[in-house]
Amino acid sequence: MDLQKLESILSAEPKFRLKQAYEALFKNFIQSWQDVTVFSKPLRDRLEKEFPLSVNAKISKSIDGTMKGLVTLHDGRLIETVLMRHKDNRNTVCVSSQAGCPMGCAFCATGDMGFFRNLSAGEIVEQVLLFERILKPEEERVTNIVFMGMGEPLYNYAEVMKAVNILNKDVGIAARHISVSTCGIIKGILKLTDEPLQINLAISLHAPTNEMRDKIMPVNKSDPVELLLKTVGDYIKKTNRKVMIEYLLIGELNNSPETAKELADVLKRELGHLFVVNVIPYNPTGRFTPPSKESVNKFKDILEKNGVTVTQRYTFGQEVEGACGQLAIKGAKGVSKGRARDSR
Ligand code: SAH
Ligand code: SF4
């Protein structure tokens, strides 16, 4: 979906036509331009031909209600997007921001694929429209968005923010229900600090020291722990917003009781109180061992005893391989980190 194309088609029409088109797209979730009866037949036909609405997606569904959409983009690139259904009527879409990812984190299946290209704002929003259209007959809506699919959102900053604005202003999803997760791109966090929209920030920290983080996240070489946490601390001070620290627990790597204590200490020192730690047991991708249940509980326990608020991510959609870190297109191979274009 190329939103500039829509604007250019409608530029010859009176101004309110674009507003009507946006309403049809983002509020009524139309499947065909023929449903927009306020438009003349020739205009509907032209839009149908030049701005087709269908998203080319293959949907798989798991028993917990999670749906994964494998989307083929206009140039044949493939991305994945996931809908998670919560018991309290919330419906969260996990969107991709890039086809593949240039960051190369050792534990992540998307990282293993390498990087192909950034997604446009339209391609990001389209992932949400796909599920809005599926939920509409049930009279349900998408209520939350997390940028936790494929890619590093802060390496595609402009298009991600354009998409966030459309999702907030046009689709009507509250900013506090939109979360951007980053592996810790300092420049991007600095920009986000000055954004007027109150969206949530999640930081994939995964280790309290450079020594440990260097082993699993190549980004730590340019954006090391101490600078990252200082930047996040400043973000909290300036915005007064709570930040989520994501902590992937990998067996025998970063899940010892000593590491838990170290993590609690460094976070309290650098971030104060406005943060919560979300522990995520590693979803196996073949490289590391998942943590034992006991070590996860012990880790959480130590954080809590040290005054840190802890949540645990429930892993949705394991059967459809839609869980975090497991999004990878089989057989695809992009550019690896270093050669990838830096699009900050
Ligand atoms: N690139 C961004 C957002 C996408 S990844 C980021 O890294 O934050 C979304 C989340 O999934 C991140 O917290 C990431 O660390 C986590 N993740 C990656 N691989 C995983 C795995 N194998 N098991 C569990 N979580 C994983
Ligand atoms: Fe990219 Fe995030 Fe996966 Fe790292 S964890 S490779 S940043 S998608």
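Residues numbered from 1 in each chain as written. Chains lettered and ligands numbered in written order. Predicted model: local features only at pLDDT ≥ 70, side-chain atom pairs only at ≥ 80, totals over all residues. Heavy atoms only, no water.

Focus on the sheet that holds strand E8 (residues 178-182)
Part 1 of the argument: Ordered in space as E1-E2-E3-E4-E7-E8-E9-E10-E11-E12, the 10 strands form an open sheet in which the pairing is mixed. The sheet is open, and its two borders are formed by strand E1 (57-61) and strand E12 (310-312), each paired with just one other strand. Averaged over all adjacent pairs, the angle separating strand axes in this sheet is 20°, with direction ignored.
Part 2 of the argument: Relative to strand E3 (residues 78-85), strand E2 (residues 67-72) runs antiparallel, the two sharing 6 bridges. Looking at the pairing, Leu70 lines up with Glu80 of E3. (Pairing = 2+ DSSP bridges. Helix = DSSP H or I, 4+ residues; strand = E, 2+ residues; numbered from the N terminus. Axes fitted to C-alpha atoms, helices over the stretch in contact; angles between N-to-C directions.)

Things to note about the site of ligand 1
Part 1 of the argument: In the vicinity of ligand 1 there are 21 residues, among which Phe107, Ser181, Ser204, His206 and Asn283 approach most closely.
Part 2 of the argument: With respect to ligand 1, the backbone of Thr182 contributes an N or O atom lying 3.5 Å from an oxygen atom.
Part 3 of the argument: Take Glu246: an N or O atom from its side chain is 3.0 Å from an oxygen atom of ligand 1.
Part 4 of the argument: Relative to its unbound accessible surface of 530 Å², ligand 1 loses 96% to contact with the protein.
Part 5 of the argument: Those elements that place two or more of their residues in the shell around ligand 1 are E8 and strand E10 (243-249).
Part 6 of the argument: For the shell around ligand 1, a count of residues per class yields 9 nonpolar, 9 polar and 3 charged. (Near = heavy atom within 4 Å. Polar contact = N/O pair within 3.5 Å; in protein donor to acceptor, adjacent residues only side chain to side chain. Areas by Shrake-Rupley, 256 points an atom, 1.4 Å probe, with all protein chains shown as cover. Nonpolar A, V, L, I, M, F, W, Y, C, P; charged D, E, K, R; others polar.)

Section: the packing of helix H10 (residues 257-271) against helix H11 (residues 293-305)
Part 1 of the argument: Between H10 and H11, the shortest axis-to-axis distance is 9 Å and the interhelical angle comes to 35°. Considering how the two elements wind past one another, H10 and H11 form a crossing that is right-handed. Where H10 approaches H11, its residues Pro257, Thr259, Ala260, Lys261, Leu263 and Ala264 are matched on the opposing element by Lys298, Phe299, Ile302 and Leu303.
Part 2 of the argument: The class makeup of the residues in the contact of H10 with H11 is 7 nonpolar, 1 polar and 2 charged. (Left-handed = near helix turned anticlockwise from the far one by under 90°. Contact = heavy atoms within 4.5 Å.)

A few points about the site of ligand 2
Part 1 of the argument: Around ligand 2, the neighbouring residues are Cys101, Met103, Gly104, Cys105, Phe107, Cys108, Gly111, Gly151, Glu152 and Cys183.
Part 2 of the argument: Tallied by class, the residues present in the shell around ligand 2 amount to 6 nonpolar, 3 polar and 1 charged.

Looking at the side chain of Asn254
Part 1 of the argument: With respect to the helices, strands and loops of the structure, Asn254 is situated in the loop between E10 and H10.
Part 2 of the argument: We classify Asn254 as buried; its relative accessible area is 0%.
Part 3 of the argument: One polar contact links the side chain of Asn254 to the main-chain carbonyl oxygen of His206, over a distance of 2.8 Å.
Part 4 of the argument: If we ignore the near neighbours within four places in the chain, the residues touching Asn254 are His206, Met212, Tyr247, Leu248, Leu249, Thr259 and Phe299. (Buried < 20%, exposed > 50% of the residue type's maximum accessible area, 1.4 Å probe, protein only.)

Side note on the domain arrangement of the protein
Part 1 of the argument: Taken domain by domain, the protein comprises domain 1 (1-54) and domain 2 (81-96 + 120-316).
Part 2 of the argument: Taking only C-alpha atoms, the centre of domain 1 and the centre of domain 2 are 35 Å apart.
Part 3 of the argument: With 12 residues of domain 1 at the interface, the matching set in domain 2 holds 15 residues.
Part 4 of the argument: Interface area for domain 1 against domain 2, summed over the two sides, is near 1,200 Å², with a carbon-plus-sulfur share of 56%.
Part 5 of the argument: Sorting elements by how many residues they give to the side of domain 1 that touches domain 2 places helix H2 (residues 16-26) first, with 3 residues.
Part 6 of the argument: Grouping the amino acids of the side of domain 1 that touches domain 2 by side-chain chemistry returns 8 nonpolar, 3 polar and 1 charged. (Domains from an automatic or database assignment. Buried area = accessible area lost by both parts, 1.4 Å probe.)

Focus: the state of the cysteines
Part 1 of the argument: All chains considered together, the criterion is met by 0 disulfides.
Part 2 of the argument: Cys183 carries a free sulfur, and the closest cysteine sulfur to it, the one in Cys105, is 5.4 Å from it. (Disulfide = S-S within 2.5 Å.)

A look at helix H3 (residues 41-50)
Part 1 of the argument: Of all the positions in H3, only Leu43, Arg44 and Leu47 are classed as buried. Summarising the axial view, the buried residues of H3 lie within an arc of 100°, below the 170-degree limit, and thus occupy one face. Those residues of H3 that are exposed and angled more than 90 degrees off the buried face are Pro42 and Lys49.
Part 2 of the argument: Along its buried surface, H3 packs onto helix H1 (3-10) and H2. (Arc of directions from axis to C-beta.)

Some remarks on the packing of aromatic side chains
Part 1 of the argument: Summed over the entire model, instances satisfying the criterion amount to 5 aromatic pairs.
Part 2 of the argument: A centroid spacing of 6.3 Å and a plane angle of 15° characterise the contact between Trp33 and Phe39, whose relative ring orientation is stacked. This pair shows no difference in class: Trp33 is buried, exactly as Phe39 is.
Part 3 of the argument: With a centroid separation of 5.9 Å and 80° between ring planes, the pair formed by Tyr282 and Phe288 is classed as edge-to-face. (Phe/Tyr/Trp six-rings, centres within 6.5 Å; stacked < 30°, edge-to-face > 60°.)

Some thoughts on the packing of H1 against H2
Axis angle and axis distance: for two packed helices, these are the angle between their axes and the distance between the axes, and together they describe the pair.
Part 1 of the argument: In contact at an axis separation of 9 Å, H1 and H2 are set at 140° when each is read in the N-to-C sense. Between H1 and H2 lies a crossing of right-handed hand. Here H1 contributes Leu3, Leu6, Glu7 and Leu10 to the contact with H2, which in turn contributes Arg17, Leu18, Ala21, Tyr22, Leu25 and Phe26.
Part 2 of the argument: The class makeup of the residues in the contact of H1 with H2 is 8 nonpolar, no polar and 2 charged.

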